[in-house]
Amino acid sequence: MTSGKNKFATTSFEIYAEAVHQRVSELDNCLEGMRIATAKIVTIKEHDSNCSKIFIYHYENYLYRLTGLLDRAYRVVGSVIGMPSN
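Residues numbered from 1 in each chain as written. Predicted model: local features only at pLDDT ≥ 70, side-chain atom pairs only at ≥ 80, totals over all residues. Heavy atoms only, no water.

Undergrad: Can you break down the overall build of the chain residue by residue, with the values?
TA: For the chain, the helix and strand inventory stands at two helices and zero strands. For 86 residues, the compact-globule estimate of 2.2 N^0.38 gives 12 Å, and the chain exceeds it by more than 25% at 19 Å. The dimensions of the chain, computed from C-alpha atoms along their principal axes, are 60 × 30 × 15 Å. A total of 86 residues make up the chain; the buried ones form 16% of that total. (Helix = DSSP H or I, 4+ residues; strand = E, 2+ residues; numbered from the N terminus. Rg over C-alpha atoms; globule rule 2.2 N^0.38 Å. Buried < 20%, exposed > 50% of the residue type's maximum accessible area, 1.4 Å probe, protein only.)

Undergrad: Give me a nonpolar patch on the surface: which residues, what numbers.
TA: On the surface, Y16, V77, V80, I81 and M83 cluster together into a nonpolar patch covering about 480 Å² of accessible area. Topologically, Y16 is positioned in helix 1 (residues 12–47). (Patch = residues over 30% accessible without salt bridge, like charges linked within 9 Å, V, L, I, M, F, W, Y side chains within 5 Å. Areas by Shrake-Rupley, 256 points an atom, 1.4 Å probe, with all protein chains shown as cover. Salt bridge = Lys/Arg side-chain N within 4 Å of Asp/Glu carboxyl O.)

Undergrad: Outline the packing of aromatic side chains, listing residues and values.
TA: In this structure the tally under the stated criterion is one aromatic pair. Ring plane angle 5° and centroid distance 6.2 Å describe the contact between F55 and Y59, whose orientation is recorded as stacked. Residue F55 and its partner Y59 are located together in helix 2 (residues 52–80), separated by four residues, close to a single helical turn. Note on Y59: relative accessible area 41%, which makes it partly exposed. (Phe/Tyr/Trp six-rings, centres within 6.5 Å; stacked < 30°, edge-to-face > 60°.)

Undergrad: Any chance you could break down helix 2 for me, citing the residues and the numbers?
TA: For helix 2, which comprises 29 residues, the first-to-last C-alpha distance of 42 Å matches the rise-based estimate of 42 Å (1.5 Å per residue) to within 8%. In this fold, the buried residues of helix 2 make contact with helix 1. One or two positions beyond helix 2, positive phi appears at G82, with a value near 90°. (Expected span 1.5 Å × (residues − 1). Contact = heavy atoms within 4.5 Å.)

Undergrad: Explain the side chain of H58 to me, and be specific about the residues and the numbers.
TA: Residue placement: H58 occurs in helix 2. Here H58 falls in the buried class, since its relative accessible area comes to 15%. Leave out the neighbours within four places in its chain, and H58 touches A37, K40, I41 and I44.

Undergrad: Describe the environment of L63, with residues and values.
TA: With respect to the helices and strands, the residue L63 is situated in helix 2. Under the relative-accessibility criterion, L63 is labelled partly exposed at 35%. Spatially, the C-alpha atoms of L63 and L27 are 15 Å apart, while their sequence positions differ by 36 residues.

Undergrad: Account for the packing of helix 1 against helix 2, naming residues and giving values.
TA: For any two helices packed against each other, the geometry comes down to the angle between their axes and how far apart the axes lie. Between helix 1 and helix 2, the shortest axis-to-axis distance is 8 Å and the interhelical angle comes to 160°. Taken together, the axes of helix 1 and helix 2 are roughly antiparallel relative to one another. By crossing handedness, the relation of helix 1 to helix 2 is classed as left-handed. Tallied by class, residues from the contact of helix 1 with helix 2 come to 20 nonpolar, seven polar and six charged. (Axes fitted to C-alpha atoms, helices over the stretch in contact; angles between N-to-C directions. Parallel < 35°, antiparallel > 145°, perpendicular 65-115°, else oblique. Left-handed = near helix turned anticlockwise from the far one by under 90°. Nonpolar A, V, L, I, M, F, W, Y, C, P; charged D, E, K, R; others polar.)

Written out as C-alpha cells, the structure reads:
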C-alpha cells in the first residue's frame, strides 16, 4: 500500500487472522467500556449518593454493554470457526 498500489496479495490465513482480530478487538473494547462504567458506578456510590441521574446513566451504559457482550462473543466464535460475517 505504501508503494502506491491499490491492491496487495493476501493469503486466506491472513484474511482469517484479520477477521478474528477484528472481532476480538470489538470484544475487548466492550469489556473496556464495562470496566470504565463499573469504576464510575463504584466511585459514585462511595462518594456521592446525591448524583442519581449520573449513576443511572452509567448503570444503563453498563447494562447496554453487557447485552452487547454476548453478541460480540458469538461473533468471535463465528469468525474462529469460519462462518460468514453476516
